[in-house]
Amino acid sequence: MDPIYHSVTLDEDKCKGCTNCIKRCPTQAIRVRDGKARIISERCIDCGECIRVCPHRAKRAIYDPFSKIKDFQYTIALPAPTLYGQFNNLSDIDYVLTGLLDMGFDEVYEVSKSAEVISDATRRLIKEGKLTPPIISSACPAMVRLVRVRFPDLCDKVLPLVSPMHLAAKRAKEEAHGRTGIPSARIGVFFISPCPAKVTDAKNPIGFEKSHVDGVLSMADIYPRLVDKMNRIKTPRPIAESGIIGVSWANSGGESSALIREQYLAADGMENVMKVLEQLEDERLTELDFIELNACPGGCVGGVMTVENPYVAKARIQRLRKYLPVSINHVEDERELEDMTWNEQLQDAGVLQLSDNIMEAMTMLSDIERIVKVLPDLDCGSCGAPSCRTLAEDIVMGKARLNDCIFILRAEASSAGIPVSALEPHSDSSQETAPKKEESSNDDK
């Protein structure tokens, strides 16, 4: 299994055990045990959905501090195109780029430049018949990890190209080294991110061995510093080198529309993308050429590390398009195409397997089905698991008990003549009082 790095973490002091997060996690990676949420590391895809829905702000994103740029001799900022949608009345991207230089970066390399190159490369691969449709975009790292964890049969459908962030980082560092002669190790490339999934992707990339991103900064953390610098700019420096196609990647549908093909689908938000992947797995979307999926509502503009309302930011990106050329950056030769292609095949993460032993796994599956029939099929989450089926899985794996279900516990108490008012489902005393018949049968297995 790959080394696990996570950019989403839990503050136990703030967690109230409310179960909001367990119901919304797309990989069922969260349980509530002993009144606190617990994140199952190997299942978490760092999509940030738990951060979005937690009413107590007990989940938070981890990212690098701005002070980290001091660790390098020469620093390059990689602004995601989403950054442009955070500012009101912006008509010239150069104000943002100049502001970043004034903050202390030595150079700025637009991620939207690389987005245009990835769009051109995808068009070429489709035209040459080198990809079998429908193709799933690999731009959102949370979606790539979601496929690995929940929909492994679709791994061969994912576009085997690096994301614009990784391509921009590689090119920015190589060009800076060639121009300045400074060793690559002393050149720091910092991506300004709208979401935690890209933090994880920079630390632990999928599809290739090492990322050229040296640090990931939060868009929300950078924003106040950048606004202050932008307000002092009288004449921005002419830096921008990207057009409509690259900047549009910030919004859902931006990548798809750049392919100039009619048979595509763009979905955003976890509930919607899960439905699309389920239909794709059932082979119900075979007429499509390309499927763009974004974990965040509205696309990257909806990331939990942004400042602006995603719908406002999306509208700002749309208005900004009228000041831009269509596209500036393209694939120059076959070598460039090879340079941005994954060198590792996407594979099943293997985290949902009950056992490596087939016979044992079949027995466990049979036990799960039997327990599911006993449970109330309400998926209420009161047990601390997202559904009755996941509770059954936890029971078989030895991580939960049947009377963690409040309805089972009440029924057992009632048959034993114990008043419901005397029950405390998650206390030791309640577990000792409740009959042990079902638990014993599970333990025997």
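Residues numbered from 1 in each chain as written. Predicted model: local features only at pLDDT ≥ 70, side-chain atom pairs only at ≥ 80, totals over all residues. Heavy atoms only, no water.

### Some points on the overall build of the protein
Heads up, the condition is: A run of H or I in DSSP counts as a helix once it spans at least four residues, and a run of E counts as a strand once it spans at least two, with each numbered from the N terminus. Only protein chains enter the area calculation, which uses a 1.4 Å probe; residues under 20% of their type maximum are buried, those over 50% are exposed, and those in between are partly exposed. Whether two residues are in contact is decided by their heavy atoms: any pair within 4.5 Å suffices. Areas reported as accessible are Shrake-Rupley estimates using a 1.4 Å probe. Residue values count occlusion only from the protein chains shown. The convention is simple: Lys and Arg are positive, Asp and Glu are negative, and His and the chain ends are not counted. The atom standing in for a charge is NZ when the residue is Lys, CZ when it is Arg, CG when it is Asp and CD when it is Glu.
Counting secondary structure elements, the protein contains 18 helices and 11 strands. Counting across all 445 residues of the protein, residues that qualify as buried make up 55%. Taking the contacts inside the protein whose residues are at least 6 apart along the sequence as the reference set, 78% of them involve residues at least 24 apart. Just so you have it, the protein exposes about 20400 Å², and 47% of that area is on carbon and sulfur atoms. Measuring between centres, the 55 positive side-chain charges of the protein sit 5 Å from its 66 negative side-chain charges.

### What about the pattern of salt bridges?
Basically, it comes down to this: One side-chain nitrogen of Lys or Arg within 4 Å of one carboxyl oxygen of Asp or Glu is enough to make a salt bridge.
Tallied over the entire structure, the rule returns 24 salt bridges. A salt bridge links arginine 33 to aspartate 394; the nearest nitrogen and oxygen atoms lie 3.2 Å apart. Remark: aspartate 394 occurs in helix H15 (residues 388-396) and arginine 33 occurs in strand S2 (residues 30-33); sequence separation between them is 361 residues. For the pair formed by arginine 33 and aspartate 394, the shared burial category is buried. Among the salt bridges present, the one from arginine 389 reaches glutamate 393, with a minimum N-O distance of 3.9 Å. One end of the pair is arginine 389 and the other is glutamate 393, both in helix H15 and 4 residues apart, which spans about a single turn. Here the residues in one salt-bridge network are Arg24, Glu49 and Arg52, joined through shared partners.

### Thoughts on the sheet that holds strand S10 (residues 264-268)
Formally: The criterion for strand pairing is that DSSP finds at least two bridges linking the strands in question.
Strands sit in the order S7-S11-S10 across an open sheet of 3 strands; the sheet is parallel. Edge positions in the sheet fall to strand S7 (135-136) and S10, since each of these pairs with one other strand and no more. In this structure, S10 lies alongside strand S11 (residues 290-294), joined through 5 bridges in parallel fashion. The residue bridging alanine 266 from the neighbouring strand is glutamate 292, located in S11.

### Describing a negative patch on the surface
Which entries qualify depends on this criterion: Any residue with relative accessible area above 30% and no salt bridge may belong to a patch, with like charges joined within 9 Å and the nonpolar Val, Leu, Ile, Met, Phe, Trp and Tyr side chains within 5 Å.
Together, Asp153, Asp156, Glu278, Glu281, Asp282, Glu283 and Asp348 make up a negatively charged patch on the protein surface. Position of aspartate 282 relative to the elements: it lies in the loop between helix H11 (270-281) and S11.

### Some details on the confidence of the model for the protein
Selection rule: How sure the predictor is of each residue is captured by pLDDT, a score from 0 to 100.
Across the protein, pLDDT averages 91, with 93% of residues at or above 70. In this model residues 422-445 is a low-confidence stretch, pLDDT under 50, and it forms 32 contacts with partners more than four residues away in sequence or in other chains.

### Examining the environment of tyrosine 223
Along the chain, tyrosine 223 turns up in helix H8 (residues 219-230). Accessibility expressed as a relative area gives 23% for tyrosine 223, which makes it partly exposed. As for tyrosine 223 and proline 325, which are separated by 102 residues in sequence, their C-alpha atoms are 26 Å apart. Discounting chain neighbours no more than four positions away, the residues touching tyrosine 223 are Gln86, Phe87 and Val307.

### Things to note about the environment of cysteine 300
Positionally, cysteine 300 belongs in the loop between S11 and helix H12 (310-320). When the C-alpha positions of cysteine 300 and methionine 364 are compared, they lie 40 Å apart, and in sequence the two are 64 residues distant. Ignoring sequence-local partners within four residues, the contact set of cysteine 300 consists of Thr82, Pro194, Lys198, Ala250, Asn294 and Thr306.

### Examining the packing of helix H14 (residues 358-374) against H15
Cut-off, in case you're wondering: With axes taken as lines fitted to C-alpha atoms, and helix axes fitted only over the stretch in contact, angles between N-to-C directions fall between 0 and 180 degrees. An angle below 35 degrees is read as roughly parallel, one above 145 as roughly antiparallel, one from 65 to 115 as roughly perpendicular, and any other as oblique. Handedness of a helix crossing follows the sense of rotation of the near helix relative to the far helix, less than a right angle counterclockwise being left-handed and clockwise being right-handed. For this scheme, ten residues count as nonpolar: Ala, Val, Leu, Ile, Met, Phe, Trp, Tyr, Cys and Pro. Four count as charged, namely Asp, Glu, Lys and Arg, and the remainder, Gly too, count as polar.
For the pair H14 and H15, interaxial distance at closest approach is 9 Å and the crossing angle is 130°. Here H15 runs oblique to H14, going by the angle between their axes. In the packing of H14 onto H15, the handedness of the crossing is right-handed. On H15, the residues touching Met364, Leu365, Asp367, Ile368, Glu369, Ile371 and Val372 of H14 are Arg389, Ala392, Glu393, Ile395 and Val396. Residues of the contact of H14 with H15, tallied by class, amount to 8 nonpolar, no polar and 4 charged.

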